[in-house]
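Survey of secondary and tertiary structure
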Amino acid sequence: MTDLFAVNTKVQSALEKLFHQHRLVFWYDDKAEMTGLFESLMIPEVQKLVIENNEFGLKYRILIEQPTQKFLLYQPKEKPADERENWLLDLLLSNYEFHTEASSLYLQDLELPQEFKPLVQEHEEFFKVEKRINELKVLLEPDDRESKIRLKMLAVICGSVPEWEKVLYVLFSEQLKNVQDKYKAIEKFNLWSYLWTEVETKYGYKSPSRTIKDFLLQLIQDNFERSITGGKSTLNKNAYLFVNRWKENIKASRVFYDWSLQLEQDLSIEDSIRPLVAENLLGADTYSVIDKKIILAAREHITHNTLPNYILQEWIEKRKVKFFYTDYQQVYQALSHASTLLDEIRKMDLSIDNPKDGFEKYGKQWYRIDRLYRNYILCSEQAEHQSVLKDLTSQVEKAYGNSFLVTLGDNWQKVIDGMKEWSIEKTIQQKDFYQKWITPYHGRDKRVFVIISDALRYESAAEFREILLKQDRYTATLNAILGSLPSYTQLGMASLLPHKSLTYNEPSEIVYADGISTQGLANRIKILQKNHEGTIAISAEDLLKMKNTDGREFIKPYNVVYIYSNHIDKIGDDKTSESKVFEATATEFDYLFKIIKHINNMNGYNMILTADHGYLYQHNRLDETDFTSFIPAGNVYKSSRRFVIGKDLVEHPSVQKWKGSQIGLADDTEVLIPKSINRIRIQGAGSRFVHGGSSLQEIVIPVLEINKARKSDIEQVEVDIISGSSNITSNNFAVNFYQKQPVADKVQSRQIRAGFYSKSDKLLSTIVTLLFNSTDNDTIAREKRQGFLFTPEASKHNGEDVSLKLEEQIEGTNQFKTYRNFPYRMLIAFSSEFDEF
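Residues numbered from 1 in each chain as written. Predicted model: local features only at pLDDT ≥ 70, side-chain atom pairs only at ≥ 80, totals over all residues. Heavy atoms only, no water.

A count of helical and extended segments in the protein gives 30 helices and 29 strands. If you line up the protein on its principal axes, its C-alpha atoms span 135 × 65 × 55 Å. Counting only residues that meet the buried cut, the protein has 53% of its 837 residues in that class. Sequence separation of 24 or more characterises 69% of the internal contacts of the protein that already satisfy a separation of 6 or more. Carbon and sulfur atoms make up 47% of the accessible area of the protein, which amounts to about 38,300 Å² in all. Of note, the protein has its 107 positive side-chain charges centred 4 Å away from the centre of its 118 negative side-chain charges. (Helix = DSSP H or I, 4+ residues; strand = E, 2+ residues; numbered from the N terminus. Buried < 20%, exposed > 50% of the residue type's maximum accessible area, 1.4 Å probe, protein only. Contact = heavy atoms within 4.5 Å. Areas by Shrake-Rupley, 256 points an atom, 1.4 Å probe, with all protein chains shown as cover. Lys, Arg positive; Asp, Glu negative; His and termini not counted. Charge placed at Lys NZ, Arg CZ, Asp CG, Glu CD.)

As structure tokens, then:
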């Protein structure tokens, strides 16, 4: 009874839909099995007629008497053979014939013609669930043929869009989980043969077993073989292109990632690539182990200096756009920093003629070594595979410590040994900071924000400047000033305040400015407002707690605002955390940018970033030779690893003595500074992060003048192609790209995705990702040559115009927008070339 009711409902529903489109519907019941059903039907606005040798009368009624009435014409026998027997044939042909067998009902639901009945009958199980029929109907288009319909049936089963690659992504994902529900459904609905026939046709896959995993294995391995020099392929080029697109597909790439790692183990890929040369693998990214091999080879070249630095950098640049790069990003960056650092140390001349010569050379070039070292240590500490860098780290430490720090420290000490006072010709001193940069704002309607970052080294400020300039509308000018001696927090902070004299009024490390203690925020505000009442000071933490409106109200009475930030020195000065000082520097970069943004939101546009002092830092444990045998003696106010303050201090050959008047103090306090980069032994204090001495790293102080403009000033490099033939005459076609200008402060790199497309926007080639980030002024050095492989589908467009489309990702999304298009013309008979694959 239930089945009969279902049939009645199905027929009723199908007929109602048909009468929305047709006035006449013919129903031939070969065995007269549906008479009862016909008689029970009640279709609104439709009259039922039985054909029983009354054709002429029916025709007259339909055409003459009721020309607009809808009719259901039922004949309880088979349809007449031809026009000689079927007197209603003309009406039949111009209207619709209704069928009641299951396959016909399915076709009627799908609004497909009866010519597809064999297809429905072949896969009848698929159509027994109305949900699948409805989902398929949404996908169908008028010009769909059998192959396209079957593809859409697969899409319904897989819950994907009706594209071959998307269907396969779903099956690959299912197989990864050791589940085969969708694949079993394909078998159940008799689509198995169609699936594998199409896979063979499209990708050249032939195998007696024909399983998803076997196909996957061949697909991924074929991609690897084709991407290395001398590799042997088993599938066609379309398979290779498919995998490349799979890796580029943001949603499906994770499935590739997991399968690649699994097959890498199953196929023992590490063993198979062991005899291969790393240079031949630079273009390959099918397996993660490829990166491991390249990293090890790069490390060996760096360690033994067997490959020029620029070539090592090219290796790393090539890997940046490869699939597994993010898994090894910190390792690659560490290798890049190490290679450049060692190369520059080998080439660098650290000779110094006089204090001015040494100071200027550090500010222009030598600081880069400290920056490279900091970035190497930071990346190596955060590296995904730290053990790989262990020996290289030892080499970097030795080169940096012995060949750079000690040599530079000794050479610098030689020229400052002869200094009568702590000053350098035509060099601004830290104690003159306020007069030089802040006093000009007195009495003006402009406001200046002074950000003092405790222990922000000159090299770090130089990097922060580059970070800032990459942001829109910011300008930044870096100056180097001579820091006060000893280079520690109390004196450095005091030097940045307005004053006529600096003194030690008691036997302690506290510095007084014109008789007022400079210790603590309250005292500093007192000193600032004594000099200029329109001044205020605040900690960075308290400033950032303020909402924009509260901040505007807070600064309204003032045009000079001092802001104090302390991440670097706080971490470095603690023995238990000093090893994290470079990490703290990265944190401070983020923090400084937050401060600057917050200032902008309070309508502040003029900022000056500076520091109280720099520091020396070596990540490895120090040798005994790094410590002096000197023991402080006399009336000692304060002693540290790098300085002693007091009176009647006992001299020693390993330290340099300065009188207060020689270093800009207005009293008779004395200072002892260990020579070069040596440390004083002090119980319990940290020894790797130190400051207070006279090394260039400690006393070259940054003053970064920052302004935010009202107009945008950021641009990206433009990318063009070097004119050549616009005719594509080979299925392996190379294009020469050109980066028009070098990357600079306000000119940023550009990453694009490139591929050839038909007029209907169908992809015809490999998709490649290219990064244009060259800083080279040589135009030839900014060229890139890239090959594109065309799919067999491209042969259909021979003689047509196609385009090379360059796309870039929309920031914060997975979507791409078109950057540029270049026209080309297909002029090759592809079919003959693809026959061999």
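Further remarks concern the pairing of strand E15 (residues 644-647). Bridge analysis of strand E14 (residues 635-639) against E15 gives four bridges, and the strand direction is antiparallel. Among the inter-strand pairings, Asn-635 is bridged to a residue of E15, identified as Lys-647. Counting the residues between successive antiparallel strands, the hairpin from E14 to E15 contains four residues. Across three bridges, E15 lies against strand E17 (residues 670-674) in antiparallel orientation. Bridge pairing in E17 links Val-644 to Leu-672. (Pairing = 2+ DSSP bridges.)

Taking 1.5 Å as the rise per residue, helix H20 (residues 390-416) with 27 residues should run 39 Å; its terminal C-alpha atoms sit 37 Å apart, in good agreement. In H20, a bend of some 25° at Gly-401 exceeds every other bend along the element. (Expected span 1.5 Å × (residues − 1). Bend = angle between axes of the 7 residues up to and from the residue.)

The next subject is helix H9 (residues 164-176). Under the 1.5 Å per step criterion, the end-to-end length of H9 is 18 Å for 13 residues, consistent within 8% with the ideal 18 Å. Of all 13 residues in H9, ten are buried, a share of seventy percent or more. Along H9, the residues classified as buried are Trp-164, Glu-165, Val-167, Leu-168, Tyr-169, Leu-171, Phe-172, Ser-173, Glu-174 and Gln-175. One or two steps after H9, the chain reaches Asn-178, where phi turns positive at roughly 60°.

Our focus in this paragraph is the pattern of salt bridges. One pass over the full model with this rule turns up 46 salt bridges. Where Lys-647 meets Asp-668, a salt bridge forms, and the shortest distance between an N and an O atom there is 3.1 Å. With Lys-647 in strand E15 and Asp-668 in the loop between strand E16 (655-659) and E17, this pair connects stretches of sequence that are 21 residues apart. (Salt bridge = Lys/Arg side-chain N within 4 Å of Asp/Glu carboxyl O.)

A separate point is the packing of aromatic side chains. In total, this model carries 51 aromatic pairs according to the counting rule given. In this arrangement the basic side chain of Lys-48 is found over the ring face of Phe-38, its NZ or CZ atom lying 5.3 Å from the centre. The ring of Phe-816 has Arg-753 lying over it, and the distance from NZ or CZ to the ring centre is 3.7 Å. (Phe/Tyr/Trp six-rings, centres within 6.5 Å; stacked < 30°, edge-to-face > 60°. Lys NZ or Arg CZ within 6 Å of the ring centre and 35° of its normal.)

Moving on to the sheet that holds strand E25 (residues 750-757). By way of backbone hydrogen bonds, the strands of a sheet pair with one another, either parallel or antiparallel. Reading across from one edge, E22-E29-E28-E25-E26 is the order of the five strands in this open sheet, with mixed pairing throughout. Edge positions in the sheet fall to strand E22 (727-728) and strand E26 (768-772), since each has one partner strand and no second. Here nine bridges tie strand E28 (residues 801-809) to strand E29 (residues 816-826), and the two strands are oriented antiparallel to one another. Bridge pairing links Gln-809 to Phe-816 in E29.

This paragraph deals with the packing of H9 against helix H13 (residues 237-248). Interaxial distance between H9 and H13 falls to 11 Å at its minimum, and their mutual angle equals 70°. One way to sum up the angle between H9 and H13 is to call them roughly perpendicular. In this structure, H9 uses Glu-165, Leu-168, Tyr-169 and Phe-172 to contact H13, whose residues at the interface are Phe-242, Arg-245 and Trp-246. Of the residues assigned to the contact of H9 with H13, the class counts are five nonpolar, no polar and two charged. (Axes fitted to C-alpha atoms, helices over the stretch in contact; angles between N-to-C directions. Parallel < 35°, antiparallel > 145°, perpendicular 65-115°, else oblique. Nonpolar A, V, L, I, M, F, W, Y, C, P; charged D, E, K, R; others polar.)

For residues besides glycine, phi is generally negative; the peptide bonds are generally trans as well. Residue Pro-486 is reached from Leu-485 by a cis peptide bond, and omega for that bond is -5°. Backbone geometry at Arg-210 places phi at a positive 45°, although glycine is not the residue there. In this fold, Arg-210 is placed in the loop between helix H11 (192-203) and helix H12 (212-227). Despite not being glycine, Asn-305 has its phi angle at roughly 55°, a positive value. On the basis of relative accessibility, which here comes to 45%, the residue Asn-305 falls in the partly exposed class.

Turning our eyes to something else, we now look at the sheet that holds strand E9 (residues 516-517). Read from one edge to the other, the open sheet built from three strands follows the order E7-E8-E9, with strand pairing classed as antiparallel. Both edges of this open sheet fall to strand E7 (502-503) and E9, since each of them pairs with a single strand only. In the sheet, strand E8 (residues 512-513) pairs with E9 via two bridges, with the strands oriented antiparallel. The partner of Ala-513 across the bridge, within E9, is Ile-516.

Inspection of the secondary structure assignment puts Trp-246 in helix H13. Separated by 83 residues in the primary sequence, Trp-246 and Glu-163 have C-alpha atoms spaced 13 Å apart. Those residues within four positions of Trp-246 in sequence are excluded, and the remaining contacts are Tyr-169, Phe-172, Leu-216, Leu-219, Ile-220, Ala-252, Ser-253, Val-255 and Phe-256.

Next up on the list: the packing of helix H7 (residues 130-139) against helix H8 (residues 146-158). Packed helix pairs are characterised by how far apart their axes lie and by the angle those axes make with each other. The contact between H7 and H8 brings their axes to 9 Å, and the two run at 125°. Judged on the interaxial angle alone, H8 and H7 are oblique. Handedness of the H7/H8 crossing: right-handed. Contact residues: Arg-132, Glu-135, Leu-136 and Leu-139 in H7; Ile-149, Lys-152, Met-153, Ala-155 and Val-156 in H8. (Left-handed = near helix turned anticlockwise from the far one by under 90°.)

For the rest of this paragraph, the subject is the nonpolar core. Ranked by size, the top nonpolar core spans 200 residues in total, and within it Phe-127, Phe-172, Trp-246, Phe-404, Trp-422, Tyr-562 and Ile-563 carry the most contacts. Leave out the neighbours within four places in its chain, and Phe-127 touches Tyr-106, Leu-110, Leu-119, Val-120, Ile-133, Leu-136 and Met-153. Core analysis: the next-biggest nonpolar cluster, separate from the first, contains 26 residues, Ile-721, Leu-764, Phe-788 and Phe-822 among them. (Core = buried A, V, L, I, M, F, W, Y, C linked by side-chain atoms within 4.5 Å.)

With that out of the way, let us pick up the environment of Leu-282. Locating Leu-282 in the fold gives a position in the loop between helix H15 (269-273) and helix H16 (288-304). With residues near it in sequence (within four places) discarded, Leu-282 still touches Ile-294, Trp-315, Lys-318, Arg-319 and Lys-322.

Let's shift gears to the side chain of Ser-676. With respect to the secondary-structure elements, Ser-676 resides in the loop between E17 and strand E18 (689-690). Using a relative accessible area of 8% as the deciding quantity, one classes Ser-676 as buried. Side-chain polar atoms of Ser-676 contact the side chain of Asp-410, separated by 2.7 Å. Ignoring sequence-local partners within four residues, the contact set of Ser-676 consists of Val-406, Gly-409, Asp-410, Gln-413, Arg-642 and Ser-695. (Polar contact = N/O pair within 3.5 Å; in protein donor to acceptor, adjacent residues only side chain to side chain.)

As for its placement among the helices and strands, Glu-97 is situated in strand E4 (residues 96-98). Here the side chain of Glu-97 touches Lys-79 through a polar contact of 3.0 Å, side chain to side chain. If near-sequence neighbours (up to four positions away) are discounted, Glu-97 is found in contact with Phe-26, Tyr-28, Lys-79, Leu-92 and Gln-108.

A contiguous nonpolar patch, built from Tyr-60, Leu-63 and Ile-64 and spanning about 310 Å² of accessible area, is present on the exposed surface. Position of Ile-64 among the secondary structure elements: in helix H3 (residues 55-65). The exposure class of Ile-64 is exposed, given its relative accessible area of 54%. (Patch = residues over 30% accessible without salt bridge, like charges linked within 9 Å, V, L, I, M, F, W, Y side chains within 5 Å.)

Let us look at the confidence of the model for the protein. Taken residue by residue, the protein gives an average pLDDT of 92. The fraction at 70 or more is 98%. Within the model, pLDDT remains below 50 along residues 830-837, and this stretch shows 16 contacts once partners closer than five positions in the same chain are excluded. (pLDDT = per-residue confidence, 0-100.)

Judged by how many residues are buried, E28 sits mostly within the fold: seven of nine residues are covered. Of the pairings in the sheet, the one linking E25 to E28 comprises five bridges and is antiparallel in character. Note on E28: the bridge partner recorded for Tyr-757 is Ser-803.

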